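Okay, here's what each chain looks like letter by letter:
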Amino acid sequence: MAPKYAANSYQKTAIETADPLQLIILCYDAAIRDLREARELHENHQMDEAYRKIRHAQDIITELMVGLDHERGGDIARNLNRLYNFVLRQLIGINSREGTNIYQDLIKILSNLKEAWEGIRLTSPQFPSAEAQPMVRNWQASA
């Protein structure tokens, strides 16, 4: 129990002290981790647990969607919204699939987006502080 408690405490501290851009990256990390775990559970026919991970990933993607600023984000926000919608639709239909290839496709999409945000972080140290706050409402509690 102690190692899990320590990991949870570390994660909570990382989230509470992260800047908004880092919170976005943490959201991607969590969704990618959920999908990797869900794929493994799906392959082992542990569907109840796989669905739990999928639902958590859906919650994270939904929070990323809610956090989009369509007014200031313009085409980028619209395109991210489309990508998030695509990922959500794929996750909703995942239970009707026997194969697990879709997981890798979704992980690749989210990994590419995460890398883009990491690039922004490297080139833009001053990121608006209010951008990512809605994204951390619920997802860390169920991680």
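Note that this is a predicted model, so its numbers are computed, not measured.

Visitor: What is the right way to look at helix α2 (residues 20-43) in this model?
Guide: Taking 1.5 Å of rise per residue, 24 residues should cover 34 Å, and α2 covers 35 Å from first to last C-alpha, within 8% of that figure. One or two residues past the end of α2 sits histidine 45, with phi positive at roughly 60 degrees.

Visitor: Quick question: what am I supposed to make of the environment of aspartate 59 here?
Guide: With respect to the helices and strands, the residue aspartate 59 is situated in helix α3 (residues 47-66). Taking C-alpha positions, aspartate 59 is 9.3 Å from leucine 88, a pair spaced 29 residues apart along the chain.

Visitor: Help me understand the nonpolar core in this model?
Guide: One broad trend across soluble globular proteins is that nonpolar side chains are buried collectively. Judged by nonpolar contacts, the single largest core of 30 residues is most densely connected at Tyr28, Leu35, Ile61, Leu64, Tyr84, Leu91 and Trp117. Elements supplying a minimum of two residues to this core: α2, α3, α4 (70-92) and α5 (101-123). Tallying contributions element by element places α2 first for this core, with 10 residues. When sequence neighbours within four positions are dropped, the list of residues in contact with tyrosine 84 reads Tyr28, Ile61, Leu64, Met65, Leu68, Leu113 and Trp117.

Visitor: For this particular structure, what's the right way to read α4?
Guide: Quick reminder: α-helices carry 3.6 residues per turn. Residues three or four places apart thus point the same way. Its 23 residues give α4 an end-to-end C-alpha distance of only 24 Å, which falls more than 12% under 33 Å, the value for a rise of 1.5 Å per residue. The sharpest bend along α4 comes to roughly 70 degrees, located at isoleucine 76. Every buried residue of α4 is accounted for by Gly74, Ala77, Leu80, Asn81, Tyr84, Val87, Leu88, Gln90 and Leu91. Where α4 is buried, its residues meet α2, α3 and α5.

Visitor: What am I meant to see in the packing of α2 against α5 here?
Guide: In a packed pair of helices, the relevant descriptors are the angle between the two axes and the axis-to-axis distance. Put simply, α2 and α5 touch, their axes get as near as 9 Å, and they point 165 degrees apart. With respect to α5, the element α2 is oriented roughly antiparallel. Our pair here, α2 against α5, has a crossing hand that is left-handed. Residue classes in the contact of α2 with α5 are distributed as 15 nonpolar, four polar and six charged.

Visitor: When you look at the confidence of the model for the chain in this model, what are you seeing that I'm missing?
Guide: The predicted coordinates ought not to be read in detail in places where the model reports low pLDDT. A residue-level look at the chain finds 74% of positions with pLDDT of 70 or above and a mean pLDDT of 82. Taken element by element, the predicted model of the chain shows its lowest mean pLDDT in helix α1 (residues 2-17) (54) and its highest in α3 (96). Low pLDDT, under 50, characterises residues 129-143; the stretch is placed with 32 contacts to residues that sit more than four places away or in other chains.

Visitor: Just to check I follow, could you spell out the environment of arginine 89 for this structure?
Guide: Here arginine 89 is to be found in helix α4. Between the C-alpha atom of arginine 89 and that of glutamine 58, which follows or precedes it by 31 residues, the distance is 9.4 Å.

Visitor: Is there a simple way to think about the environment of glutamate 118 in this case?
Guide: Relative to the helices and strands, glutamate 118 is located in helix α5. Judged by relative accessible area, which is 29%, glutamate 118 ranks as partly exposed. A C-alpha to C-alpha distance of 9.4 Å links glutamate 118 and isoleucine 24, two positions 94 residues apart in sequence.

What counts as what
Residues numbered from 1 in each chain as written. Predicted model: local features only at pLDDT ≥ 70, side-chain atom pairs only at ≥ 80, totals over all residues. Heavy atoms only, no water. Helix = DSSP H or I, 4+ residues; strand = E, 2+ residues; numbered from the N terminus. Expected span 1.5 Å × (residues − 1). Core = buried A, V, L, I, M, F, W, Y, C linked by side-chain atoms within 4.5 Å. Buried < 20%, exposed > 50% of the residue type's maximum accessible area, 1.4 Å probe, protein only. Contact = heavy atoms within 4.5 Å. Bend = angle between axes of the 7 residues up to and from the residue. Axes fitted to C-alpha atoms, helices over the stretch in contact; angles between N-to-C directions. Parallel < 35°, antiparallel > 145°, perpendicular 65-115°, else oblique. Left-handed = near helix turned anticlockwise from the far one by under 90°. Nonpolar A, V, L, I, M, F, W, Y, C, P; charged D, E, K, R; others polar. pLDDT = per-residue confidence, 0-100.

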